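Here is what each chain is made of, one letter per residue.
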Amino acid sequence: MKVNNVELVISAAKPHQYPADGLPEFALAGRSNVGKSSFINRMIGRKSLARISSKPGKTQTLNFYKIENELFFVDVPGYGYAKVAKTERAAWGQMIETYMTDRKPLFACVQIVDLRHAPSADDVAMYEFLKHHEIPAIVIATKADKIPKGKWQKHLKVVKETLDFDPLDDIIVFSSETGLGKDEVWKAVKKRMYEQKEYEAELRNEQKEIDE
Ligand SMILES: Nc1nc2c(ncn2[C@@H]2O[C@H](COP(=O)(O)OP(=O)(O)OP(=O)(O)O)[C@@H](O)[C@H]2O)c(=O)[nH]1
Ligand SMILES: [Mg+2]
């Protein structure tokens, strides 16, 4: 998908600031510095709309990027950055947890991991959290440009095994540097939107049958 129209609608620090238009939201999750903002920039074809950290742990708000009036990518603060004060870390954790579990328009969580390394304990906990709350997950194994192509499959296997990956989820080898995997991610996003529409139509039909 070629994105022509994208805007940062809000950098929200509080839930009441989240957009109210109900468009599908795809939230990024991943370790600080793993490449969440770079992922968004590559997906929308902008070099630097989403801020790339000069310092890890810098994204501290939920940043809602509206794309073609169709959906949002939500850039979320990264986890696992040790230098952030404990109290501050707890507050972010709370904000993210509430957002991920209570947010109606959240269609999926895009979890970013580093293809080069086995997922960290935090990565595993994040994925478990998604599975536990039945939040649809799309896993992105990024920075593929940093290892030779011949090793991608071997690394992907380690990522899957460490996460105890659910084969029903999508997992995509990606590079923000080269654009590898971009079309596949758009496909997964569109598929998820289609599934949700089908599901909602089904619910409406069931309700109609009850009403009649
Ligand atoms: N080679 C390579 N570098 C990448 C890739 N993705 C991100 N980077 C680099 O990794 C660093 C961190 O990227 P960000 O996109 O800022 O990471 P983030 O996850 O948004 O970080 P926080 O906002 O701090 O949580 C930057 O120096 C990026 O240029 C990639 O696919 N390949
Ligand atoms: Mg970022």
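From a predicted model like this one, the values you see are computed outputs, not experimental measurements. (Residues numbered from 1 in each chain as written. Chains lettered and ligands numbered in written order. Predicted model: local features only at pLDDT ≥ 70, side-chain atom pairs only at ≥ 80, totals over all residues. Heavy atoms only, no water.)

Undergrad: A description of the overall build of the protein chain should follow, citing residues and the corresponding values.
TA: Within the protein chain, the secondary structure is distributed over five helices and seven strands. Put simply, the protein chain runs from its N terminus to its C terminus through helices and strands in the order β-β-α-β-β-α-β-α-β-α-β-α. Here the protein chain has a C-alpha radius of gyration of 17 Å; the compact-globule value for 212 residues is 17 Å, and the two agree. On the principal axes, the C-alpha backbone points of the protein chain span a range of 60 × 40 × 35 Å. (Helix = DSSP H or I, 4+ residues; strand = E, 2+ residues; numbered from the N terminus. Rg over C-alpha atoms; globule rule 2.2 N^0.38 Å.)

Undergrad: Give a description of the pattern of salt bridges that names residues and reports values.
TA: Counted by the stated rule, this structure contains 10 salt bridges. Where Lys 191 meets Asp 170, a salt bridge forms, and the shortest distance between an N and an O atom there is 3.0 Å. Of the two residues, Lys 191 is situated in helix α5 (residues 182-211) and Asp 170 in strand β7 (residues 170-173); the sequence distance between them amounts to 21 residues. Linked by salt bridges that have partners in common, Arg 31, Asp 114 and Arg 116 make up one network. (Salt bridge = Lys/Arg side-chain N within 4 Å of Asp/Glu carboxyl O.)

Undergrad: Could you give an account of unusual backbone geometry, with specific residues and numbers?
TA: For Glu 134, which is not glycine, the phi dihedral falls at a positive 55°. Relative to the helices and strands, Glu 134 is located in the loop between α3 (121-132) and β6 (137-142). Given a relative accessible area of 70%, Glu 134 falls into the exposed group. At Lys 143, a residue that is not glycine, the phi angle is positive and equals roughly 65°. Residue position: Lys 143 is located in the loop between β6 and α4 (152-163). (Buried < 20%, exposed > 50% of the residue type's maximum accessible area, 1.4 Å probe, protein only.)

Undergrad: Now, about the nonpolar core: what can you tell me, with residues and values included?
TA: Formed by 38 residues in total, the largest nonpolar core has its most connected members in Tyr 99 and Met 100. Residues within four places of Met 100 in sequence aside, it is in contact with Ala 27, Leu 28, Ala 29, Leu 106, Cys 109, Met 126, Phe 129, Leu 130 and Ile 135. One finds Phe 26, Ile 67, Phe 107 and Trp 186 within the second-largest nonpolar core, a separate group that totals 26 residues. (Core = buried A, V, L, I, M, F, W, Y, C linked by side-chain atoms within 4.5 Å. Contact = heavy atoms within 4.5 Å.)

Undergrad: Pulling in residues and values, what's your account of the packing of aromatic side chains?
TA: Each aromatic ring pair is characterised by the separation of its centres together with the angle its planes make. Scanning the entire structure with this criterion turns up nine aromatic pairs. The interplanar angle of 45° and the centroid separation of 5.3 Å between the aromatic rings of Tyr 18 and Phe 64 together place this pair among those described as tilted. Linking Tyr 18 in the loop between β1 (6-12) and β2 (25-30) with Phe 64 in strand β3 (residues 62-67), this pair joins segments that are 46 residues apart in sequence. Aromatic pair Phe 64 and Tyr 99: ring centres 6.3 Å apart, planes at 80°, arrangement edge-to-face. Linking Phe 64 in strand β3 with Tyr 99 in helix α2 (residues 86-102), this pair joins segments that are 35 residues apart in sequence. Residue Phe 64 is classed as buried on the basis of its relative accessible area, which comes to 0%. The exposure class of Tyr 99 is buried, given its relative accessible area of 2%. Chaining the aromatic ring pairs together yields one cluster made of Tyr 18, Phe 64, Phe 72 and Tyr 99. (Phe/Tyr/Trp six-rings, centres within 6.5 Å; stacked < 30°, edge-to-face > 60°.)

Undergrad: Break down the environment of Thr 162 for me, citing the residues and quoting the values.
TA: Counting through the fold element by element, Thr 162 comes out in helix α4. A sequence separation of 39 residues divides Thr 162 from Asp 123, and the C-alpha atoms of the two residues are 9.3 Å apart. When near neighbours in sequence (up to four residues on either side) are disregarded, Thr 162 contacts Ala 118, Pro 119 and Val 124. Polar contacts involving the side chain of Thr 162 include one to the main-chain carbonyl oxygen of Val 158, which spans 2.7 Å. (Polar contact = N/O pair within 3.5 Å; in protein donor to acceptor, adjacent residues only side chain to side chain.)

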